[in-house]
Amino acid sequence: MYSRLVQGFLAVLLATTVAGAPTSHEGVQKGQSCSNPLKRKAWHTLTDHEKKAYIRAELCLMTKTGITGLPATQTRFDDLIAVHQTQAGNVHNDGWFLPFHRLHMHAHERLLRNECGYKGSQPYWDEAREAGNFSNSTVFKNDDTGFGGDGVLLDGDTNLLQKCICDGPFAGYTLHNGPGYSNTDHCINRAISNAVSMLSSQGQIDNCLAKPNLQEAWPCIEANPHKGGHGGVGGEMDNPISSPGDPLFYLHHTFLDRVWWQWQEKDLANRFYDIAGYTTGSEPEGGWVLATLDDELDMKGVIPNQRIRDVMDIRGGALCYEYV
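Each chain has its residues counted from 1, following the order in which its sequence is written. Local features are withheld for residues below a pLDDT of 70 in this predicted model, meaning they are given only at 70 or higher, and side-chain atom pairs are given and counted only at 80 or more; totals for whole chains, interfaces and linings count all residues. Each side-chain value is derived from all of the structure's non-hydrogen atoms; neither hydrogens nor water enter the calculation.

1. Observations concerning the state of the cysteines
Sulfur atoms of two cysteines make up a disulfide when they are within 2.5 Å. For the structure shown, the criterion picks out four disulfides. Here Cys 60 connects covalently by a disulfide to Cys 116, the sulfurs 2.1 Å from one another. Measuring handedness by torsion sign, the sulfur bridge of Cys 60 and Cys 116 sits at about -80° and is left-handed. With Cys 60 in helix 3 (residues 48–61) and Cys 116 in helix 5 (residues 97–116), this residue pair connects regions lying 56 residues apart in the sequence. Under the DSSP-based scheme used, a helix requires at least four consecutive residues in state H or I and a strand at least two consecutive residues in state E, with every element numbered from the N terminus.

Shown next, in the form of structure tokens:
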């Protein structure tokens, strides 16, 4: 499914002029205000105790009552799915893709810490390290230090896209949002593909990191490393609308946020202000609108909304973390 989103990139890219660095950098907040950043680590480097703590906190979100009132939401975990599901057309294939998902990961991290007693930070899955070999990744361990394995067909089911996970801490969990824009109770499902996971390889990432501006870097990141994680896990993760239904979504998009930050670090003086693309993935009735640093990212009441300018520096503004 994510491949259908990628098809629009070239047309959008050719039509788009760089929204670009504004003439004034006033108002972009950098790391001076962040004195004690959370240290985001790769999942494979966490201790078993740290992994168990993260998974316990995720399970906690799945039991806490939701607050957004968005369609079908029952839990705080549902709230986070619905933030993505209800805005999918505005946060893919456009200039909001990277900033929105950066704030979405921050929202998930805050809920884990503030509502479920989690003391750590949002980890990321170092997918480049395991590209082409996702099926053997430690993230798929079936005990309380992993997210369960591949999906399996239940008795009488012939739909390969509905292969429910049947082991690990999330086996048997019922999703209320999705699949896609529909809202039908269903399992977390997976269909791991080692071949598709190659799109998350270091070579693909290096290709994106070499791009000279966000106008070229953002579509590169969204096209290949993005597709590698979603399609490599498959099932719910391969649904561009409701993919946050698989808890691995948050490790995957934190990995992508790290890639964006690595690209920004190559020229922070300019890349704190580099925004490009439109505000929607398809042309709205009134015509295309360029993304700007003043655009507001809507978290639907899960956490406060933020302008794009306030999430451009992960060490300050609305955020306070770093990658280690």
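2. Description of the UniProt feature "domain: Tyrosinase copper-binding" (unreviewed entry) in the protein chain
Taking the numbering used here, the UniProt-annotated feature "domain: Tyrosinase copper-binding" (unreviewed entry) corresponds to residues 92–109 and 246–257. Secondary structure across residues 92–109 comprises 72% helix and 0% strand; the distance between its end C-alpha atoms is 21 Å. Counting secondary structure, residues 246–257 comes out at 83% helix and 0% strand; the distance between its end C-alpha atoms is 18 Å. UniProt positions are given in the numbering used here, feature names are shortened, and annotations may be inferred rather than shown by experiment.

3. Some words on the packing of aromatic side chains
For any pair of aromatic rings, geometry is given as the distance between the ring centres together with the angle between the planes. Note on ring pairs: Phe, Tyr and Trp rings are taken, using the six-membered ring of Trp, and paired if centres are within 6.5 Å. Classes follow the plane angle, with under 30 degrees stacked, over 60 edge-to-face and the rest tilted. Using the criterion set out here, one finds 14 aromatic pairs in the structure. Taken together, a centroid distance of 6.0 Å and an interplanar angle of 90° make the contact between Phe 77 and Tyr 173 edge-to-face. Remark: Tyr 173 occurs in the loop between strand 3 (164–165) and strand 4 (174–175) and Phe 77 occurs in helix 4 (residues 76–85); sequence separation between them is 96 residues. You'll find Phe 77 and Tyr 173 in the same group, each marked buried. Relative to Phe 272, the ring of Trp 261 has its centre 6.3 Å away and its plane inclined at 35°; by these criteria the two rings are tilted. Here Trp 261 is found in helix 11 (residues 248–265), whereas its partner Phe 272 is found in the loop between helix 12 (268–271) and strand 6 (296–297), with eleven residues between them in sequence. Throughout this description, buried means an accessible area under 20% of the type-specific maximum (1.4 Å probe, protein chains only), exposed means over 50%, and partly exposed covers the range between. By relative accessible area, Trp 261 is classed as buried at 5%. Here, a charge over a ring is recorded when the distance from Lys NZ or Arg CZ to the ring centre is within 6 Å and its angle to the ring normal is within 35 degrees. The lysine or arginine in question, Arg 271, covers the ring of Trp 263, its NZ or CZ lying 3.9 Å from the ring centre.

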